[in-house]
Amino acid sequence: MDFQFDDNLVEFRQMVREAVKQDLPADIREGQRRFGGNQSDPHDSLTWTKILAKRGWSVPHWPVEYGGQNWSPMQLFVFQDELTRAFAPDTCWGGTHMCGPVIYTFGSEAQKERFLPAIINGDFYWAQGFSEPGNGSDLANLRTSATRKGDVYVVNGQKIWTSCAWMAEWGFFLVRTDPTVKPQRGISFLLINMKSPGITVRRIPQINGEAELCEVFLDNVEVPVENMVGEEGAGWTYAKFLLDHERTTSSFIYFNKRDLRIAQDIAANQMLDGVPLSKHPRFQGRLAQLEAEVTALEWSVLRVLANEQFQYNETAAASVLKVAGSRLQQTISELHLDLLGAQSIRQFPFEVHDRPNSPLWPDVTENANQRALIQRASTIYGGTMQVQKNIIAKLAFDL
Amino acid sequence: MDFQFDDNLVEFRQMVREAVKQDLPADIREGQRRFGGNQSDPHDSLTWTKILAKRGWSVPHWPVEYGGQNWSPMQLFVFQDELTRAFAPDTCWGGTHMCGPVIYTFGSEAQKERFLPAIINGDFYWAQGFSEPGNGSDLANLRTSATRKGDVYVVNGQKIWTSCAWMAEWGFFLVRTDPTVKPQRGISFLLINMKSPGITVRRIPQINGEAELCEVFLDNVEVPVENMVGEEGAGWTYAKFLLDHERTTSSFIYFNKRDLRIAQDIAANQMLDGVPLSKHPRFQGRLAQLEAEVTALEWSVLRVLANEQFQYNETAAASVLKVAGSRLQQTISELHLDLLGAQSIRQFPFEVHDRPNSPLWPDVTENANQRALIQRASTIYGGTMQVQKNIIAKLAFDL
Amino acid sequence: MDFNYSDLQRMLLDSAERFITEHFTLEHRRSLRDSANGLDEVAWATFAELGWLALAIPEDLGGLGGTQADIAVLAAATGGKCVSQPVISTAVLGTHILSGATAPRTELLEQIVGGAARIALVHGEPGERYAGAAPRAVTLTADGDGFAISGQKLLALDAPSATHLIVSAMLEGEGFALVLVEADSAGMSVENYPLLDGSRAADIRFETLRVHGDAVLATGKKAEALLMEALDRATLARLAQSVGSMEEILRICSAYLKERQQFGQPIGKFQALQHIMADMFVVTHQARSALYQALAHAELSAAERSRALSLAAITIGEAGQLVSRQGIQLHGGYGVTDEYEISHHYRYLLTLEKISGDLDYHMSRVGQA
Amino acid sequence: MDFNYSDLQRMLLDSAERFITEHFTLEHRRSLRDSANGLDEVAWATFAELGWLALAIPEDLGGLGGTQADIAVLAAATGGKCVSQPVISTAVLGTHILSGATAPRTELLEQIVGGAARIALVHGEPGERYAGAAPRAVTLTADGDGFAISGQKLLALDAPSATHLIVSAMLEGEGFALVLVEADSAGMSVENYPLLDGSRAADIRFETLRVHGDAVLATGKKAEALLMEALDRATLARLAQSVGSMEEILRICSAYLKERQQFGQPIGKFQALQHIMADMFVVTHQARSALYQALAHAELSAAERSRALSLAAITIGEAGQLVSRQGIQLHGGYGVTDEYEISHHYRYLLTLEKISGDLDYHMSRVGQA
């Protein structure tokens, strides 16, 4: 056993930190810091992807032949940690972490040539079209159909929770190409241009005022057969590949670390009876508890990255990250609100440019409740808390 | 709506308090205070029952014709509250609250004459023979059989969690008299003399050193037919009657109130950095939280006693008392341990007379962990936490 | 002791539930967001008509002399539909101060009863967490035959739709005073904004606003006691709103669990979800009991009243968190949309909790007493 | 970074698990309760034979120079069977102080390695909660060519079976000293007693016990630092024991859920119980991660080391509570008997938590740093 980071990681971290400091435009950073991911200009994400691409850093986790950096899992961890720490926006995850890897692994040469450079350069957003109304966590029940007619598939159906669909140029969809075989077998993975005739997108207003998630209605949408990735009927396998691909993402570790730091900052600045809340034992205790949990979570992530041979099933260990990480996202943001007290419940306009500038409201108040509200979703999407626990009971204990 | 206690209750409480002060022997009170119910001399309970009986107070909740007091539910509440507050022992609940009411409601005149006076006077202990190994919360699976042979039933089987069986003179048992009918129909309610040939009792050592619960083995035990209460095959109904009879007991409200007071006392006396723990915000906060819960529970009990017309099913409301009350029993005793810190883990001999007398160990340390350990059972017996939640889901929401 | 509704309460409740259910639909509530000050004029007129605005006012001052229990019954009904109209500020907090003022303001009370006047308390100040009795930065100074008010106030709930403001201020010699100010007075700059539940608040800067001497409602210890009592009454009514909201969440969620299908059956068949519902039921039941406990102490001494109230606030605050969080969880993705009731209850309960003083504040109040 | 066992650790672990599983059966552990001082002589001889007692001693002092990770591996294995022998007091805490003393006690260390000597720290005093560095009431005063110790100590863990005691005391001019005392010395009165996990402790009253000058192991800041480091090392090893116990609980409970039938099926088919197991799994996994985090900081500065340790103690303490409480709940009535393993793990985890400083203590350590 060896619990020390390699020496080169310290240098690597320093190198990344410097680079981000140089590259990250102040306005983008400031937008992220004050308003979080979704509230600031969505195009910041694409802009930032282009900037990263100049260093070859927009998809460092990809194989070198497709534009990756050949970094170790620990380096990738440090890289992402530094980016989040510096309030850099995420790249469009649908492209860089979901659809991209499926394309370079299973796609045709034509698909690789056409789509990978666009993903690397952040040319546009990708929408993820998996969920459908009424089947939530139950992909086997997928109903959106794709019927082959000559050179096209004709797609009909409805998707929901399609993030970014309203501003995406392309989407990757799971569709049923064969209703006659076993439910999992008849599913295919289709790339669809979101501007195609027959597609209607409705943004869903969310609890915190944003409307990033969408419903997508597909009405006789014609999709060229060459937009099918890999084999017809193998979509279920690709989807699983894609979901397994990032075993540690669901820990939200980078965000949990950053959000904890924000909580510590608020606690140091909010006063009660002339003393900062960070010195009031009850808040101090909650901060210590959350720091303990975040720290443990970080080490749970490191254990996965360093390929520990687990006593229990590996997928169960990954579910631990999701359960603990998503709950932490909620408890930390709840603490933000508690620290701010009554100042936590003002509703600021969702759009940044509509916001008033009042010296009575420290900028942390502008984002706290919008973050906290949308965090209720973190124990829901990507497999609810209950589904994760079912998985653990089954895979770890065979119950 | 009227949230005030009747005026007469204040006087009534005062009257009970005075009486208990006069009647309760100092050594019994002190044994209860220092060592709790089970550790002090078990015969204290019978002694105390006799003392209460002199005032006619050992079964005040019974109908007047059988020796009760015709007190209102609120008076009975105040009466029990005062007794517990004063550290009086409980009467043998199996007699006064379980088997007694079944006998006066469903029993023969001969049974009433024979057993009721003995219960009222605390002549002996009663054992409750319901549970069997392997059927825990599932009474329908009852296997102990009673086969009629002339004037006797021949009883064979095994019971478990039979409280007080080792010192009981009589027991009330659920037995299967007819294996051919629907499981609930073939059960009867039998009074069995615990000294009968064929009965073997094994005390089960428990987590906290006591051995109050027993296994009872019945091997061709002959029980006169006149010891069957009510009708053959109606035992299930009587058991349900008995369990429903005391809708608020499972809240442990009297004990929760007393244990909270003990926690407040410990907190006021344990020092940290020269300040009592009751003034340290984290402990202060936990005390406030528990007081809030106990207070709410008390009012939940009062709502039942005052016959509120509930919006939801009444049995579901009673399950609330059990869920909240049993959890509180645990959380309060956990707080006792936390307040005592490292001094909470010394193992004192279970028997009072074996205990050393060390001035370094305040008498509250002698009982705290034994209470806390056995409290783990409070979410198990009488229907586990999980069973209670099943009940609520079904009865309140029809899920 | 009697936990069943009196005939009056039954009547109140029936009319309240009928009107509220019909009027405060989800769509209607969402549309109110676009209004200038959040006020629903039609509803307000109905409140007046139904006598709600007169309920808390003593009979000798022209009101109905309702008890705090009567108010709680009504408040719980409004909580069931997340009503965020300024009823409590006006009809509980405002009327209590105006009735208890050194010279009771009968005329203004009459206007309130008729629906023409609305009151907001202007008390919190920047840098405070949860306001105790004493303001610090806003002052009232003698100025000719009247006074001048100056200083900054924060988060004055329901001020945007109020016709009159009750302002707390430091007054030399007296320590403390409550002053009545017309909302359209000159000499103040106001920033209005919405809160998460759709109600409105304002930050108000008094730039030496001048008032007559008779604008002072009360001073010194009397003013302080009056304010604390009014605040406690308002908190109690908000706790009742919270309980009403939680009880409605139980209804919404249990219906959803039966209706929503997954893996070929209603999701309510899953034991894990059943147990979540059971947990929600237990704490909601306990929350109502806590409310009754606070009501039982509501007319006792200030110390007893406040301590009992804080105990209830702890139970109800924690229950509200559990119920609203799990309520969303049970709804899955739909729970975090603006289009389902549950997310509105979540925001409503969060707002009520944070307005009434959070758990830490109430723990301190219990611990110190 | 490598989380897999080294060959040495694998070897240690295999021999440890083999011996412990065979030897420390439930029946055997229950029988140890009747022994005079809780010591299992046979096991102790085996510990010596397997090299465990030499593991933490530096190589140049005749030990194996094992790392804290090596110790943790071993400690976790002992935790799996609730071993409450005085291993940590002797082989972690004692050896560390004796090795780090101003003049290292090589002879005594040799005796420890051979199994002939056992050490207990005598540090806590009445009226303290969790002892920091400084004793208050026990003093060391010059007395001829030696010193006299007097005062009352409380809860000296493992003292009943120790051959030597390390006593902390106030020494005029130096502030603080650690003194080595033979356990059978005259001049002290000892009250021995068991703790909940079957280990033993003692209250010791020093009635001017006299020692030679060379009994002083260290003084002043050095003594304080040495003691704090030794205590942290012991706590770290106990956290590893806790993790081992929790992991065993997972095994015990998942087996029980498959075996125990109710309502016609294994109770492990109930989703509510499955989810309880899942919760237990999550926190146990996190607890091991927390242990690794503490190990990663174990050789850094005192401040970094202690803070990291307290963070781990919070995570592991909370996890231990959840896992052991739910472990009993899953067992139903059998869970609270002395006859099933689970109740022993409950008492073991509770004892470890309360010895190592409870959550409140560790929260304060994190908050202050």
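Residues numbered from 1 in each chain as written. Chains lettered and ligands numbered in written order. Predicted model: local features only at pLDDT ≥ 70, side-chain atom pairs only at ≥ 80, totals over all residues. Heavy atoms only, no water.

K.L.:
Before we go on, may I ask you to explain helix H3 (residues 41-49) of chain D in this structure?
P.N.:
An α-helical segment advances 3.6 residues per turn. Residues three or four places apart therefore align on the same side. Residues and elements named next belong to chain D. Along H3, the positions that sit buried rather than exposed are Ala43, Trp44, Thr46, Phe47 and Ala48. If you follow the buried residues of H3, they end up packed against helix H1 (7-23), helix H5 (87-100) and helix H6 (106-114). After H3 finishes, the residue Gly51 shows a positive phi value of roughly 85 degrees. (Buried < 20%, exposed > 50% of the residue type's maximum accessible area, 1.4 Å probe, protein only. Helix = DSSP H or I, 4+ residues; strand = E, 2+ residues; numbered from the N terminus. Contact = heavy atoms within 4.5 Å.)

K.L.:
Help me understand the environment of Pro135(D), please; the structure alone is not making it clear to me.
P.N.:
Residue and element names in this part refer to chain D. Tracing the sequence through the fold places Pro135 in the loop between strand E1 (119-122) and strand E2 (139-143). Looking at Pro135, the relative accessible area reads 2%, which means it is buried. Pro135 sits 10 residues away from Glu125 along the chain, and the two C-alpha atoms are 7.0 Å apart.

K.L.:
Mind showing me how you'd approach the interface of chain A and chain D here?
P.N.:
Where interface size is given, it is often the accessible area lost as the parts come together that is meant. Between chain A and chain D, the residue contacts involve 44 residues of the former and 43 residues of the latter. Between chain A and chain D the total buried area reaches about 4000 Å² when both faces are included, carbon and sulfur atoms providing 64% of it. Counting the contacts that link chain A with chain D gives two salt bridges. Of the residues forming the side of chain A that touches chain D, the biggest block, 14 residues, is contributed by helix H9 (residues 281-305) of chain A. Residues of the side of chain A that touches chain D, tallied by class, amount to 23 nonpolar, 11 polar and 10 charged. (Buried area = accessible area lost by both parts, 1.4 Å probe. Salt bridge = Lys/Arg side-chain N within 4 Å of Asp/Glu carboxyl O. Nonpolar A, V, L, I, M, F, W, Y, C, P; charged D, E, K, R; others polar.)

K.L.:
Explain the interface of chain B and chain C here, please?
P.N.:
Residue-level contacts link 44 residues of chain B with 43 residues of chain C. In total, chain B and chain C occlude about 4000 Å² of area from one another, counting both sides; carbon and sulfur atoms represent 64% of this. It is Met1(B), Phe3(B) and Leu399(B) that lose the most area in chain B upon contact with chain C, and together they represent 21% of the buried surface on that side. On the surface where chain B and chain C come into contact, there are two salt bridges. The partner of Arg307(C) in a salt bridge is Glu291(B), and the shortest N-O contact between them spans 2.6 Å. Across the chain B-chain C interface, the total number found is 18 residue pairs in polar contact (both at pLDDT 80 or more). Elements with a minimum of two residues in the side of chain B that touches chain C: helix H9 (281-305), helix H10 (314-340) and helix H12 (385-397) of chain B. The greatest single-element share of the side of chain B that touches chain C, amounting to 14 residues, is contributed by H9(B). (Polar contact = N/O pair within 3.5 Å; in protein donor to acceptor, adjacent residues only side chain to side chain.)

K.L.:
Help me understand the UniProt feature "domain: Acyl-CoA dehydrogenase/oxidase N-terminal" (unreviewed entry) in chain C in this model?
P.N.:
The positions that UniProt labels "domain: Acyl-CoA dehydrogenase/oxidase N-terminal" (unreviewed entry) are, in the present scheme, residues 7-100 of chain C. As annotated, residues 7-100 of chain C comprises 64% helix and 0% strand, and the C-alpha atoms at either end are separated by 28 Å. (UniProt positions renumbered as here; feature names shortened; annotations may be inferred.)

K.L.:
Is there a simple way to explain the domain arrangement of chain A in this structure?
P.N.:
Residues and elements named next belong to chain A. With domains assigned, chain A is organised as domain 1 (7-91), domain 2 (126-234) and domain 3 (247-397). With centres defined by C-alpha atoms, the gap from domain 1 to domain 3 works out at 21 Å. Each partner contributes residues to the interface: domain 1 has 17 residues there, and domain 3 has 19 residues. In total, domain 1 and domain 3 occlude about 1800 Å² of area from one another, counting both sides; carbon and sulfur atoms represent 60% of this. On inspection of domain 1 and its partner domain 3, the count reaches two salt bridges. Ionic pairing is found between Arg33 and Asp363, a salt bridge with its closest N-O pair at 3.0 Å. (Domains from an automatic or database assignment.)

K.L.:
Just to check I follow, could you spell out the environment of Val152(B) for this structure?
P.N.:
One can find Val152(B) in strand E3 (residues 152-163). Sequence-distant contacts of Val152(B), that is, excluding residues within four places in its chain, are made with Thr147(B), Glu222(B), Val223(B), Pro224(B) and Val225(B).

K.L.:
I keep staring at a positive patch on the surface and nothing clicks. Help me out?
P.N.:
On the surface, Lys21(A), Arg29(A), Arg85(A) and Arg261(A) cluster together to form a positively charged patch. Within the element layout of this structure, Arg29(A) appears in helix H2 (residues 26-39). (Patch = residues over 30% accessible without salt bridge, like charges linked within 9 Å, V, L, I, M, F, W, Y side chains within 5 Å. Areas by Shrake-Rupley, 256 points an atom, 1.4 Å probe, with all protein chains shown as cover. Lys, Arg positive; Asp, Glu negative; His and termini not counted. Charge placed at Lys NZ, Arg CZ, Asp CG, Glu CD.)

K.L.:
Sorry if this is basic, but what is going on with helix H7 (residues 235-245) of chain B here?
P.N.:
Residue and element names in this part refer to chain B. Buried residues of H7: Gly235, Tyr238, Ala239 and Leu242, and no others. With its buried residues spanning 100 degrees around the axis, H7 presents them on a single face. Each element contacted by the buried residues of H7 is listed here: helix H5 (93-106), strand E4 (168-176), strand E5 (187-193) and strand E8 (228-229). (Arc of directions from axis to C-beta.)

K.L.:
So what exactly am I meant to see when it comes to the state of the cysteines here?
P.N.:
For the structure on display, the rule yields zero disulfides over all chains. Looking at Cys164(A), it has no disulfide partner, and the nearest cysteine sulfur is the one in Cys92(A), 5.6 Å off. (Disulfide = S-S within 2.5 Å.)

K.L.:
What is the right way to read the packing of H9(A) against H9(B) from this model?
P.N.:
When two helices pack together, their arrangement is given by the angle between the helix axes and the distance between those axes. In contact at an axis separation of 8 Å, H9(A) and H9(B) are set at 95 degrees when each is read in the N-to-C sense. By the angle class used here, H9(A) and H9(B) are roughly perpendicular. Contact with H9(A), carried on its side by Pro281(A), Arg282(A), Gln284(A) and Gly285(A), involves Pro281(B), Arg282(B), Gln284(B) and Gly285(B) of H9(B) and no other residues of that element. Grouping the constituent residues of the contact of H9(A) with H9(B) by class yields two nonpolar, four polar and two charged. (Axes fitted to C-alpha atoms, helices over the stretch in contact; angles between N-to-C directions. Parallel < 35°, antiparallel > 145°, perpendicular 65-115°, else oblique.)

K.L.:
I tried to follow the packing of aromatic side chains on my own but got confused; where do I start?
P.N.:
Two numbers describe a pair of aromatic rings. These are the distance of the centres and the angle of the planes. All names here are of chain B. Within this structure, the stated rule accounts for 72 aromatic pairs over all chains. Taking 5.6 Å as the distance between ring centres and 50 degrees as the angle between the ring planes, the aromatic pair formed by Phe77 and Tyr254 counts as tilted. Of this pair, Phe77 sits in helix H4 (residues 73-85) while Tyr254 is found in helix H8 (residues 253-269), placing the two residues 177 residues apart along the sequence. A residue is classified by how much of its surface remains accessible, and Phe77, at 1% relative accessible area, is buried. Classification of Tyr254 as buried rests on a relative accessible area of 15%. (Phe/Tyr/Trp six-rings, centres within 6.5 Å; stacked < 30°, edge-to-face > 60°.)

K.L.:
When you look at the pairing of strand E4 (residues 164-171) of chain D in this model, what are you seeing that I'm missing?
P.N.:
Regular strands show a simple pattern: their side chains alternate between the two faces of the sheet. Residues and elements named next belong to chain D. Along E4, seven of the eight residues are buried, which leaves the element largely enclosed by surrounding structure. The pairing of E1 with E4 spans four bridges and is classified as parallel. When the bridges of E4 are listed, Leu121 appears paired with Ile166. Sheet topology note: the E2/E4 ladder contains two bridges and is parallel. If you follow Thr139 over to E4, its bridge partner there is Met170. Sheet analysis places E4 next to strand E5 (residues 177-182), joined by six bridges and oriented antiparallel. By the bridge assignment for E5, Ile166 is matched with Leu180. Between the end of E4 and the start of E5, which pair antiparallel, lie five residues, with Gly173 showing a positive phi angle near 90 degrees. (Pairing = 2+ DSSP bridges.)

K.L.:
Looking at this structure, how should I read the pattern of salt bridges?
P.N.:
Oppositely charged side chains can pair when the atoms bearing their charge come close. All names here are of chain C. On inspection of all chains with the given rule, the structure shows 80 salt bridges over all chains. Across the salt bridge formed by Arg210 and Asp143, the nearest N and O atoms sit 2.4 Å from each other. With a gap of 67 residues between them, Arg210 in strand E7 (residues 200-212) and Asp143 in strand E2 (residues 139-143) connect regions that are remote in the sequence. Taking the relative accessible area as the measure of exposure, Asp143 reaches 27% and is therefore partly exposed.

K.L.:
Can you help me understand the side chain of Thr295(B) in this one?
P.N.:
Relative to the helices and strands, Thr295(B) is located in helix H9. The class for Thr295(B) is buried, based on a relative accessible area of 13%. Leave out the neighbours within four places in its chain, and Thr295(B) touches Gln293(C) and Leu311(C).

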